[in-house]
Amino acid sequence: MASAREPLLAAHGVVKRFGHVQALQGADFTAYAGEVVALIGDNGAGKSTLVNVLSGVLAPDEGEVRVEGQAVRFGGPMDAQRHGLETVYQDLSLAPDLDAASNLYLGREVVRGGLLGRLGVLDRPAMRREAVRAFAELGVELNDVTAPVTTLSGGQRQSVAVARAVAFANKVIFMDEPTAALGVVQRARVLDTVRRVADRGICVVLISHNMPEVLSVSDRVEVLRLGRRVASFTAADTTIEELVGAMTGSLDEPARQNGSLRKAEDGR
Amino acid sequence: MTADSKEVRPAAAQQQDPPAPGGTRTAVPDWLRRAAGIGELWTFVILVVLVAFFTIAAPGKFFTQYDLTQIAVNAAIYLVLGVGMTFVIITAGIDLSIGSVLVLAAVAAGEYNIHHGGPDAGWGTVAVCVVIALAVGAGWGVLQGAVVATGKVPPLIVTLGGLGAALGIAELATGGQDPAGAAATHLQNSLGFGKVLGIPWLVVLAAVVTAVFGLVLGATRFGTHTLAIGSNPTAVRRAGVGVGRHLVTVYGLMGLLAGLGAVMWLASYGTTSIAGHSTDNLKVITAVVLGGTSLFGGRGSVLGTVIGVFIPAVLTTGLIVIGVQQYWQDVAVGVVLVAAVYVDQMRRKTREQA
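Here the structure is a predicted model, which is why all the values come from computation and not from measurement. (Residues numbered from 1 in each chain as written. Chains lettered and ligands numbered in written order. Predicted model: local features only at pLDDT ≥ 70, side-chain atom pairs only at ≥ 80, totals over all residues.)

Counting its secondary structure elements, chain B contains 15 helices and two strands. Across the 354 residues of chain B, 46% fall into the buried class. Partitioning the intrachain contacts of chain B with sequence separation of at least 6 by distance along the chain shows that 80% fall at a separation of at least 24. (Helix = DSSP H or I, 4+ residues; strand = E, 2+ residues; numbered from the N terminus. Buried ≥ 20, exposed ≤ 12 C-beta atoms within 10 Å, placed from the backbone. Contact = placed C-beta atoms within 7 Å.)

Helices and strands together make up the secondary structure of chain A, namely ten helices and ten strands. The C-alpha radius of gyration computed for chain A amounts to 19 Å, which stays within 12% of the reference 18 Å derived for 268 residues, consistent with globular compactness. Dimensions of chain A along its principal axes, counting C-alpha atoms only, are 60 × 40 × 40 Å. In chain A, buried positions account for 51% of the 268 residues. (Rg over C-alpha atoms; globule rule 2.2 N^0.38 Å.)

What follows is about the UniProt feature "transmembrane region" (unreviewed entry) in chain B. Residue and element names in this part refer to chain B. When the UniProt feature table is mapped onto this chain, "transmembrane region" (unreviewed entry) is found at residues 41–64, 76–109, 121–143, 155–176, 196–217, 247–269 and 302–321. Counted over residues 196–217, helix gives 77% and strand 14%. Its end C-alpha atoms are 28 Å apart. Split by type, residues 247–269 is 100% helix and 0% strand. Its first and last C-alpha atoms lie 32 Å apart. (UniProt positions renumbered as here; feature names shortened; annotations may be inferred.)

To continue, consider the sheet that holds strand 9 (residues 220–225) of chain A. Residue and element names in this part refer to chain A. One open sheet accounts for six strands, arranged 6-7-8-3-9-10; its pairing is mixed. Here the strands that pair on one side only, and so sit at the sheet edges, are strand 6 (85–88) and strand 10 (228–234). Between one strand and the next, the sheet's axes are offset by a mean angle of 20 degrees, whatever the strand orientation. The sheet contact formed by strand 9 and strand 10 spans six bridges and is antiparallel. In the strand pairing of strand 10, arginine 220 is matched with threonine 234. Where helix 6 (residues 154–168) meets the sheet, its contacts fall on strand 6 and strand 7 (172–176), and the angle it forms with strand 6 comes to roughly 175 degrees. In the packing of helix 9 (residues 240–248) onto the sheet, contacts are made with strand 3 (36–41), strand 9 and strand 10, and the angle to strand 9 comes to roughly 25 degrees. (Pairing = 2+ DSSP bridges. Axes fitted to C-alpha atoms, helices over the stretch in contact; angles between N-to-C directions.)

Turning next to helix 6 (residues 123–149) of chain B. End to end, helix 6 of chain B covers 38 Å across 27 residues, agreeing with the expected 39 Å (1.5 Å per residue, within 8%). Where helix 6 of chain B terminates, the next one or two residues include Gly151(B), which has phi positive at roughly 75 degrees. (Expected span 1.5 Å × (residues − 1).)

Residues and elements named next belong to chain A. The strand order across the open sheet built from four strands is 2-1-4-5, with neighbouring strands paired in antiparallel fashion. Each end of this open sheet is capped by a strand with a single partner; those strands are strand 2 (21–31) and strand 5 (70–72). Direction aside, the axes of adjacent strands within the sheet are offset by 30 degrees on average. Taken together, the five bridges between strand 1 (residues 9–18) and strand 4 (residues 62–67) define a ladder with antiparallel strand orientation. Considered in strand 4, the bridge of histidine 12 is made with glutamate 64.

Moving on, we come to the confidence of the model for chain A. All names here are of chain A. For chain A, the mean per-residue pLDDT works out to 85, and 92% of the residues sit at or above 70. Confidence, expressed as mean pLDDT per element, reaches its minimum in chain A at helix 10 (residues 252–258) with 48 and its maximum at strand 8 (residues 203–207) with 93. Scored below 50 in pLDDT, residues 254–268 makes 20 contacts in the model with residues more than four places away or belonging to other chains. (pLDDT = per-residue confidence, 0-100.)

To continue, consider unusual backbone geometry. Notably, Glu68(A) is not glycine yet its phi reads approximately 50 degrees, a positive angle. Take Glu68(A): it is sitting in the loop between strand 4 and strand 5.

So, about the packing of helix 5 (residues 98–114) of chain B against helix 13 (residues 280–290) of chain B. All names here are of chain B. Contact geometry of helix 5 with helix 13 gives a least axis separation of 7 Å together with a crossing angle of 125 degrees. One way to sum up the angle between helix 5 and helix 13 is to call them oblique. Contacts from Ile98, Gly99 and Leu102 in helix 5 reach Asp280, Asn281 and Val284 in helix 13. (Parallel < 35°, antiparallel > 145°, perpendicular 65-115°, else oblique.)

Residue and element names in this part refer to chain A. Burial runs high along strand 7: five of the five residues are buried. With four bridges joining them, strand 6 and strand 7 adopt parallel strand pairing. Within strand 7, the residue paired with glutamate 86 across the bridge is isoleucine 173. Examined bridge by bridge, strand 7 and strand 8 share five bridges and lie parallel to one another. Residue pairing for strand 8: phenylalanine 174 is matched across the bridge by valine 205. Crossover handedness for the path strand 7 to helix 7 (residues 184–199) to strand 8: right-handed. (Right-handed = clockwise from strand over helix to strand, strands pointing away.)

Now for helix 10 (residues 221–231) of chain B. Helical geometry: 3.6 residues make up each α-helical turn, so side chains three or four residues apart lie on a common side. With respect to burial, helix 10 of chain B is a largely interior element, ten of its eleven residues being buried. Turning to helix 10 of chain B, its buried residues are Arg221(B), Gly223(B), Thr224(B), His225(B), Thr226(B), Leu227(B), Ala228(B), Ile229(B), Gly230(B) and Ser231(B).

Next up on the list: the environment of Ala33(A). Residues and elements named next belong to chain A. With respect to the helices and strands, alanine 33 occurs in the loop between strand 2 and strand 3. Considered as a pair, alanine 33 and glutamate 68 are 35 residues apart in the sequence and their alpha carbons are 9.6 Å apart. If near-sequence neighbours (up to four positions away) are discounted, alanine 33 is found in contact with Leu8, Gly201 and Cys203.

Attention now goes to the confidence of the model for chain B. Keep in mind that low pLDDT regions are not for reading the predicted coordinates in detail. Residue and element names in this part refer to chain B. Mean pLDDT over chain B works out to 84, with 87% of the residues at or above the 70 mark. Within chain B, the lowest mean pLDDT, 38, falls on helix 1 (residues 2–15), and the highest, 96, falls on helix 12 (residues 243–269). Predicted confidence is poor over residues 1–26, with pLDDT under 50, and the contacts of this stretch with residues over four places away or in other chains come to 29 contacts. What the predictor reports for the complex is a pTM of 0.84 with an ipTM of 0.82.

With that out of the way, let us pick up the packing of helix 4 (residues 65–90) of chain B against helix 12 of chain B. Each pair of packed helices gets described by two things: the angle between the helix axes and the distance between those axes. All names here are of chain B. Two elements in contact, helix 4 and helix 12, have axes whose closest approach is 8 Å; the angle formed by their N-to-C orientations is 175 degrees. With respect to each other, helix 4 and helix 12 are oriented roughly antiparallel. Together, Ala76, Ile77, Val80, Leu81, Val83, Gly84, Met85, Phe87 and Val88 of helix 4 and Val250, Tyr251, Leu253, Met254, Leu257, Ala258, Leu260, Gly261, Met264 and Trp265 of helix 12 make up the contact between the two elements. Class assignment of the residues belonging to the contact of helix 4 with helix 12 gives a composition of 17 nonpolar, two polar and no charged. (Nonpolar A, V, L, I, M, F, W, Y, C, P; charged D, E, K, R; others polar.)

Residue and element names in this part refer to chain B. Positionally, valine 196 belongs in strand 1 (residues 195–196). When the 9 C-beta atoms within 10 Å are taken as the criterion, valine 196 is described as exposed. Once residues lying within four places of it in the same chain are set aside, the contact partners of valine 196 are Trp201 and Val204.

Encoded structure:
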């Protein structure tokens, strides 16, 4: 289904070394607009490294990253953000002593007009208004956007981080284990949010260890093993056993045959 | 940056009716809740209790205009230093060097003054001296900030080194003796002893500095980034803020205010007092922490520091007025300081467990 479209985000032959350790050994990645694509792999498979390369945190040693077909070289996360790529970090990357509104706008504060704005005077009412709207849109109940984030529950904090990414991303959102620290209800809510974000035409790249969750929420699944993409599945047509097999390599050959194999076309 | 958000937002607005403004907020005024939340309220209560106690204990003696003015003048320089220290501590840093930087700036300005007219120097010389003091302070602060920003040496050590080095340079330049004629009479008669509407210029200057920096911390992007860096520097870095540059600016401002403190000291006392500033750092840090600013960064306010500066000042004056040895002040402040940090720690723990 996807091959006819231009990938929104693609990586080809990405190599990243840390000293003698080669975390990525020519990894590929493809993501299309409006889909949820899960990136899975065993510990040490290179998931985090790949996402760090894709989101501009790390520069690849070899290989290239393309956004809408254009080769890009990110100088840092800000570069990626300028291209409309946002990340929800596993640690959430929030300033716990600041309120939700300030966290939503961290680094992108809204200033007032005129001279006051030139002096960096914040337009707090505007930021709070937008924050309330952003949270309402995600269905997040936040009684007080002026309370420090540290006083919020884990799920609410998660929501603040997700809301920030959603508010500013217009192409891709990376989510690193977004539900790892959440309870059942909150987990369902976050996954619901992921779905709704994708329906708006944004691509969500989900890193997760939770196989049922991966299958329930994503459209496609890409599997990394030992720094390479070993398989790519359509979520509806695969099973947990297949995914685990591809991750661990125990079902290496069958996995490659069943999955929509991409190894061949990477060589271009 | 803001344009981006506006492009994205309208789509959201159409999907869902925006909640009524204030609908999710409680009736308690915003500023009051924030004041209470930040932990400066209880220090303010302590200050009020102290003033009330001394007023009752020494009726007609403590709460006189003379005492208030004297308290304010004594506190003015510490207040200026404390304002800068508030920013530094909010970034989870510390600056031990301020007393030495003050001395170095005073010596630099004083030496220029001695060679350009001494006590009888004209207004031009006074102006140059002020610029020299501010520049030396800011320069030293920027230098320390640059080392802190590398992240290789903790601020405690950077500024401990700065403390020794700045004082050493000041002593090298003067041979360790306070030079005569360091301050011009013009400076002393204007900023030092002058008054406007009955309020000493020193107090007016300190009040203006406090107000400006208070607004910067509470209402501007710079202030928000200062708080955010103390709260989670990694998050701020990922958000694209130049954390290193920000730290250099914060330490630079601290130095600038130490330079201003030097000008105020010269104006007030007419001498560089090379040996008289070795405990400025501890007094100022005490005041900032008493004012509810967290030593662990991320939280604090300039208003709190104002209260923190006045508690020791009121204690000193009050104890003298009621005829108790003023050294009790040191004991009292020490106990309150430890209690303040204890409370801060407890509050932090309960919040994180919540």
